[in-house]
Structures are given as structure tokens and as C-alpha cells.
Amino acid sequence: MKQVILVNEALGLPRGKLAAQVAHASVASLLSTRVEAQKEWFGVGMPKVVLAVDDEETLLAFFEQAREADLPTQIIRDAGKTVVEAGTITCVGIGPSTPEQIDEITGELSLLR
């Protein structure tokens, strides 16, 4: 079991803002996951990987692919109180699910740097 968080790199978010958005995506996606899968993910140490995407359009394409594959997934839209405008899509959370299911969609992406 693992979870991935996709980050919209076009936004150039400061590290603190980025960390908060990734946390939002992790929690939101977890809450949309079956209880059995949540427990399994907890049992293996809650592995998660943060990956970079170039822009919002690409982020939304991955969201749609994950949704079509029936994976738990959530879009994170910022509240607009600090760095970006309200409604800006910052991240997408996918999983937790099996690595094979997630990698089928996100396996070619690079780690966030």
C-alpha cells in the first residue's frame, strides 16, 4: 500500500505552503479510502511519495486517470488566504492503494525536488 501526492510545480509554492498543501491532499485522499485499505496502509507505515507535475492541466489529467481507475483521489483547492488565489489547485492526493495500481498511472513522474 502507498499514497502519492501530485504537486503543481507551476505555482512555485514556498516550502511551508507546499508542506501544508501536501498534508491536506494526504488527509483528504485517506478519508475517501475504504476503511480496510486505511488499516492496511497504517499497518505498513503509511508510505507516501510526493511527485511533481508541470502545471494544473497535467494535474487534472492525472486526477481523471486515477478517478477512472476507481482509486481514492482528491483535488486540493487553496482557500486563498496567503500565497495563491482562492480556488487555485495545488495538489492531488491518490490512494492509499496498491503500488501497482498507483504506479500504473503515476509511475513515470519524478519525485518533487
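In the block above lies the structure referred to throughout.
In this report, the structure presented in the accompanying data block is examined.

### Comments concerning the overall build of the protein
Then comes step 1: Of the regular secondary structure elements, the protein holds 4 helices and 4 strands.
Then comes step 2: Secondary structure of the protein in N-to-C order comes out as β-α-α-β-α-β-β-α.
Then comes step 3: At 13 Å, the protein has a C-alpha radius of gyration in line with the 13 Å of a compact globule built from 113 residues.
Then comes step 4: Overall, the protein is about 35 × 25 × 25 Å in size when its C-alpha atoms are taken along their principal axes.
Then comes step 5: Out of the 113 residues in the protein, the part that is buried amounts to 41%.
Then comes step 6: When contacts within the protein are restricted to residue pairs at least 6 apart in sequence, those whose partners lie at least 24 apart make up 73%.
Then comes step 7: Accessible surface, the protein: about 6400 Å² in total, of which carbon and sulfur atoms supply 51%.
Then comes step 8: Taking the average location of the 10 positive side-chain charges in the protein and that of its 16 negative ones, the two points are 10 Å from each other.

### Concerning the sheet that holds strand S4 (residues 89–97)
Then comes step 1: Across the sheet, which stays open at both edges, the 4 strands sit in the order S2-S1-S4-S3 with mixed pairing between neighbours. Of all the strands in the sheet, the pair left with one neighbour each is strand S2 (48–53) and strand S3 (73–77). Looking at each pair of strands side by side, their axes are set apart by 20° on average, direction ignored.
Then comes step 2: Judged from the 5 bridges that link them, strand S1 (residues 2–8) and S4 form a sheet pairing that is antiparallel.

### Focus: the nonpolar core
Then comes step 1: Counting 14 residues, the largest nonpolar core has Val4, Leu6, Leu59, Leu71, Val92 and Ile94 as the members making the most contacts within it.
Then comes step 2: Looking at this core, the elements that each hand over two or more residues are S1, S2, helix H3 (56–68), S4 and helix H4 (99–106).
Then comes step 3: For this core, the element with the highest residue contribution is H3, accounting for 4 residues.
Then comes step 4: Each residue touching Leu6, except ones within four places of it in the same chain, is listed here: Leu51, Val53, Leu59, Phe62, Thr90, Cys91, Val92, Ile94, Thr106 and Leu109.
Then comes step 5: Core analysis: the second largest hydrophobic core is formed by 9 residues, Val7, Leu13, Leu18 and Val22 among them.

Cut-off values and rules
- Residues numbered from 1 in each chain as written.
- Predicted model: local features only at pLDDT ≥ 70, side-chain atom pairs only at ≥ 80, totals over all residues.
- Heavy atoms only, no water.
- Helix = DSSP H or I, 4+ residues; strand = E, 2+ residues; numbered from the N terminus.
- Rg over C-alpha atoms; globule rule 2.2 N^0.38 Å.
- Buried < 20%, exposed > 50% of the residue type's maximum accessible area, 1.4 Å probe, protein only.
- Contact = heavy atoms within 4.5 Å.
- Areas by Shrake-Rupley, 256 points an atom, 1.4 Å probe, with all protein chains shown as cover.
- Lys, Arg positive; Asp, Glu negative; His and termini not counted.
- Charge placed at Lys NZ, Arg CZ, Asp CG, Glu CD.
- Pairing = 2+ DSSP bridges.
- Axes fitted to C-alpha atoms, helices over the stretch in contact; angles between N-to-C directions.
- Core = buried A, V, L, I, M, F, W, Y, C linked by side-chain atoms within 4.5 Å.

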